[in-house]
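Chains, contacts and geometry: an overview
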Amino acid sequence: MGKETLRLEGIGIKFNLAGKKAKPKSTQLKDIPSMIFGGNKRQEFWALKDISFSLERGDRLGILGLNGAGKSTLLKVIAGVFKPNEGKVIHKGTIVPLLELGAGFEKQYTGTENIFLYGSMLGYSRKYLQSKYDEIVEFSGLKKFIDVPIQNYSSGMRSKLGFSIATIAEPEILILDEVLSVGDAKFRKKSEAKIHSMMEGGTTVLFVSHSLEQVKRICNKAMILEQGRIVGFGDIDKVSAIYAEMIG
């Protein structure tokens, strides 16, 4: 604790109503007439606006909010998937985003082949993955299926393998979007314990979950997003109490 690992300064990102990221501000003057006279192809809204906060080493931030509040968009901005229209993200060290587990898998490849493919996409060297291969397979619980093509895996199996690969190292910043709800109850318990062990190693965690109880178990800080803006930030007990009232 005590060492800043992540800072967001005035982050804003806008999309058009089709769900695509808006073009830079300088190209929008030509669109004003169609917006005034009823054309809706270029109507835009701010998915995030004026987002500023910082986290220190070992902080675990739970991000709360109703559907459409901007939670996943915020994680994608921090992970570098989306480039904001305003503001900047400053971070120290590596970021591992667990946004869509197994999204980078090749379906025709086996579990083993995807360990090396997906692992390399996350920045791990082949030598490192070889040294951790047995550990990945054991944690996933998929030893019987590891030489079977991914296309024959259930979504839960793919998520288990993705989680096992992504968490094999301890990054400075870990981003989790609903990923602890994957798999069966036994695997959820094991994955939550894994996250706790990473936190003890000093990893900073940003965590989105629809389970307020899970956020309270894992996090020491919380944020409430509403229509793309921060309406609450601080100690987990204080902020979670505010959110519990909000959702009735």
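Time to look at the packing of helix α3 (residues 111-121) against helix α5 (residues 155-166). For the pair α3 and α5, the least separation of the axes is 10 Å and the interaxial angle reads 45°. Classified by the interaxial angle, the pair formed by α3 and α5 is oblique. The hand of the α3/α5 crossing is right-handed. Here α3 contributes Gly111, Asn114, Ile115, Tyr118 and Gly119 to the contact with α5, which in turn contributes Leu161, Gly162 and Ile165.

Right, let's get into the sheet that holds strand β1 (residues 4-16). Taken in spatial order, the three strands make up an open sheet running β2-β1-β4, and their pairing is antiparallel. Of all the strands in the sheet, just β2 (44-56) and β4 (86-91) have a single pairing partner and so form its edges. On average, each strand axis in the sheet is tilted by 15° relative to the strand beside it, whichever way the strands run. Sheet analysis places β1 next to β2, joined by nine bridges and oriented antiparallel. Counted as the bridge partner of Asn16 is Glu44 from β2.

Moving on, we get to the confidence of the model for the protein. Here the protein averages 86 in pLDDT, and 86% of its residues register 70 or above. Within the model, the stretch residues 32-38 combines pLDDT values under 50 with four contacts to residues more than four positions away or in other chains.

Tallying each qualifying case throughout the model produces eight salt bridges. The residue Glu86 makes a salt bridge to Lys49 at a minimum N-O spacing of 3.1 Å. Here Glu86 is found in strand β4, whereas its partner Lys49 is found in strand β2, with 37 residues between them in sequence. A relative accessible area of 18% places Lys49 in the buried class. Of the charged contacts, one joins Glu192 and Arg217 as a salt bridge, the two residues approaching to 2.8 Å between their closest N and O atoms. Remark: Arg217 occurs in helix α7 (residues 212-218) and Glu192 occurs in helix α6 (residues 185-200); sequence separation between them is 25 residues. Since its relative accessible area comes to 11%, Glu192 is described here as buried.

Here is what the cut-offs are and how they apply
Residues numbered from 1 in each chain as written. Predicted model: local features only at pLDDT ≥ 70, side-chain atom pairs only at ≥ 80, totals over all residues. Heavy atoms only, no water. Axes fitted to C-alpha atoms, helices over the stretch in contact; angles between N-to-C directions. Helix = DSSP H or I, 4+ residues; strand = E, 2+ residues; numbered from the N terminus. Parallel < 35°, antiparallel > 145°, perpendicular 65-115°, else oblique. Left-handed = near helix turned anticlockwise from the far one by under 90°. Contact = heavy atoms within 4.5 Å. Pairing = 2+ DSSP bridges. pLDDT = per-residue confidence, 0-100. Salt bridge = Lys/Arg side-chain N within 4 Å of Asp/Glu carboxyl O. Buried < 20%, exposed > 50% of the residue type's maximum accessible area, 1.4 Å probe, protein only.

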